[in-house]
Structures are given as C-alpha cells and as structure tokens.
Amino acid sequence: MIIYDTMKFKNWQLTLFKDNDAIVFISFADDGVGEFSLQYPRMKLQYAKIPELRYFEQYLSGERVDFKSLNVAYLSGTPFQISVWHALHEMGKDEKLTYQQLAQRAGQPTAIRAVASAVGKNPLTIINPCHRILPKNGGVGQYRYGQALKKLLISLDDSETTQYF
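Residues numbered from 1 in each chain as written. Predicted model: local features only at pLDDT ≥ 70, side-chain atom pairs only at ≥ 80, totals over all residues. Heavy atoms only, no water.

Looking up the protein in an unreviewed UniProt entry gives the name Methylated DNA-protein cysteine methyltransferase, with the organism given as Leuconostoc citreum.

Re the sheet that holds strand β3 (residues 22-27)
The following threshold applies: Here a strand pair is declared whenever DSSP counts at least two bridges between the two strands. For the purposes of this entry, the term helix denotes a DSSP run of H or I that reaches at least four residues, the term strand denotes a run of E that reaches at least two, and both are numbered from the N terminus. As a rule, the C-alpha atoms of each element are fitted with a line to give its axis, helices using only the stretch in contact, and angles between N-to-C directions run from 0 to 180 degrees. A contact between two residues is defined here by any heavy atoms of the two lying within 4.5 Å.
Pairing is mixed across the open sheet formed by 4 strands, whose spatial order is β3-β2-β1-β4. Only two strands of the sheet have a single neighbouring strand rather than two, namely β3 and β4 (45-47). Averaged over all pairs of adjacent strands, the angle between strand axes in this sheet comes to 30 degrees, irrespective of strand direction. Pairing geometry for strand β1 (residues 2-9) and β4, over 3 bridges, is parallel. Bridge pairing links isoleucine 3 to glutamine 46 in β4. Packed onto the sheet, helix α1 (residues 32-39) meets β1, β2 (12-19), β3 and β4 and runs at close to 115 degrees relative to β3. Helix-sheet contacts for helix α2 (residues 53-60) involve β1, β2 and β3, and the interaxial angle to β1 is about 20 degrees.

A short note on the domain arrangement of the protein
Many descriptions give the size of an interface as the accessible area lost when the pieces come together. Quick reminder of the rule: Domain extents, as shown, originate in an automatic or database domain assignment. Accessible area that two parts lose when put together, with a 1.4 Å probe and added across both, is what the buried area reports. In the sections that follow, a salt bridge refers to a side-chain nitrogen of Lys or Arg positioned within 4 Å of a carboxyl oxygen of Asp or Glu.
As assigned here, the protein comprises domain 1 (2-61) and domain 2 (79-158). Here domain 1 and domain 2 have C-alpha centroids that lie 20 Å from each other. The partner domain 2 presents 15 residues to the 16 residues of domain 1 that form the contact. Among the residues of domain 1 in contact with domain 2, Trp12, Phe28 and Tyr59 are the three that bury the most area, contributing 47% of the side total. Taken together, domain 1 and domain 2 are joined by 1 salt bridge. When the shortest N-O distance is used, the salt bridge between glutamate 35 and arginine 144 registers 3.4 Å.

A closer look at the side chain of asparagine 128
What counts is decided by this rule: Whenever two N or O atoms come within 3.5 Å, that pair is a polar contact, provided that in protein one can donate a hydrogen and the other can accept it, and provided that, for residues adjacent in sequence, both atoms are side-chain atoms.
Residue position: asparagine 128 is located in the loop between α5 (112-120) and β6 (133-134). A distance of 3.0 Å separates the side chain of asparagine 128 from the side chain of tyrosine 74, its partner in a polar contact. Beyond its immediate chain neighbours, meaning those up to four positions away, asparagine 128 contacts Tyr74, Trp85, Leu88, His89 and Asn122.

Some words on α1
Three- or four-residue spacings in an α-helix give side chains the same orientation, since the helix completes a turn every 3.6 residues. Where we set the bar: Three exposure classes are used, based on accessible area relative to the maximum for each residue type with a 1.4 Å probe and protein chains only: buried under 20%, partly exposed in between, and exposed over 50%. In this description, the arc belongs to the directions extending from the helix axis to the C-beta atoms.
Burial in α1 covers these residues: Gly32, Glu35 and Phe36. Angularly, the buried residues of α1 cover 100 degrees about the axis, an arc narrow enough to put them on a single face. Those residues of α1 that are buried are in contact with β1, β2, β3 and β4.

Focus on the pattern of salt bridges
Evaluated as defined, the whole model comprises 5 salt bridges. The shortest N-O distance in the salt bridge between arginine 105 and glutamate 95 comes to 2.3 Å. With arginine 105 in helix α4 (residues 99-105) and glutamate 95 in the loop between α3 (79-89) and β5 (97-98), the pair connects residues that are 10 residues apart, well separated along the chain.

Considerations on the nonpolar core
For clarity, the threshold we go by: Residues grouped as a nonpolar core are buried Ala, Val, Leu, Ile, Met, Phe, Trp, Tyr and Cys residues, joined through side-chain atoms within 4.5 Å.
Of all hydrophobic cores here, the largest spans 42 residues; its most connected members are Phe9, Leu14 and Phe56. Of all the secondary-structure elements, those providing two or more residues to this core are β1, β2, β3, α2, α3, α4, α5 and α6 (147-158). Broken down by element, the residue count for this core peaks at 5 residues, all from α2. Counting the residues that make up this core, at least three belong to each of domain 1 (2-61) and domain 2 (79-158). Ranked by size, the runner-up nonpolar core spans 7 residues in total, among them Ile2, Phe17, Phe25 and Phe36.

Set out below in structure tokens:
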C-alpha cells in the first residue's frame, strides 16, 4: 500500500508518496494522485500523514535540508533510467550540470538525449535535483511542472541558508 500526503508549496501543491519506509514519488501536478495513478495504475493508494513532508516545508522556508538522509526507492525504471537518477541523487549541494555533464556522470557520455529523457521522468524531483540540470546554451530549460517552478527551486537552492549534503 502506497501512502500519500500533500502540502502547499507556494503556488503549487506538493504530493509525497511513500512505500513502507521509502519515498517513491513526488508530484507538483494539480492532481498528484492522478499523476501517480497514471504512472503506476496497479498501486493502491491511501492518504496518511507522512512525517518527511517537514523536510519540504523546511526547504521552502530556506532552512538547511539534508535530502540525502531520506530513504528513497524506485517503483519502476529501466537500468539506464535508474543510473541517471542515481547520478542526479549524487550531485553536490551547489552543483548545476548540463545534460552532457550528467550523461558523463551516469556513464553514458554519448546518450545525451536519452539522459534528458530519463531526467524528465525522474520520480523524485527535489530529492534528485533534476531542476539543476540546465541546457549548455543557457537558460533554465524544460521542467515537467513548468519553468516558473524550476526557477523557484533553483532560487531556493541558491539561497545562502539552503544546503544539500
């Protein structure tokens, strides 16, 4: 049974999903449960309080947050996608990378488009900071939940008090 909980995140709603003791999905969709159900149609969901939501509240308020201390798991994904998600997870607290740099870290230096596709399917946004993967020609690039949210997340990361470990 997957449990979920929600919180207001500025102009968005964050929905957090947990299986046993691991966070498995994070959504900023208006209907996070619907987005999850489209990805994992056979999973049963139940609303319950998730204490780890406080990490995201702290992050939003500019406090130091150690997202790497959270237990995470992937409900699905190809070995390639999971290798990209692991490379995202291992990024340094202040790092911003291009898709090409991430492809190199994931051990797939010539698979830049495939890496970009895997980044777009990252189930653990914020924890695996896909918002800090930027196009090499500048700008913020694409983000599943829109550029405004991507810019907000980057600004939260860039604030002096927020830190990834």
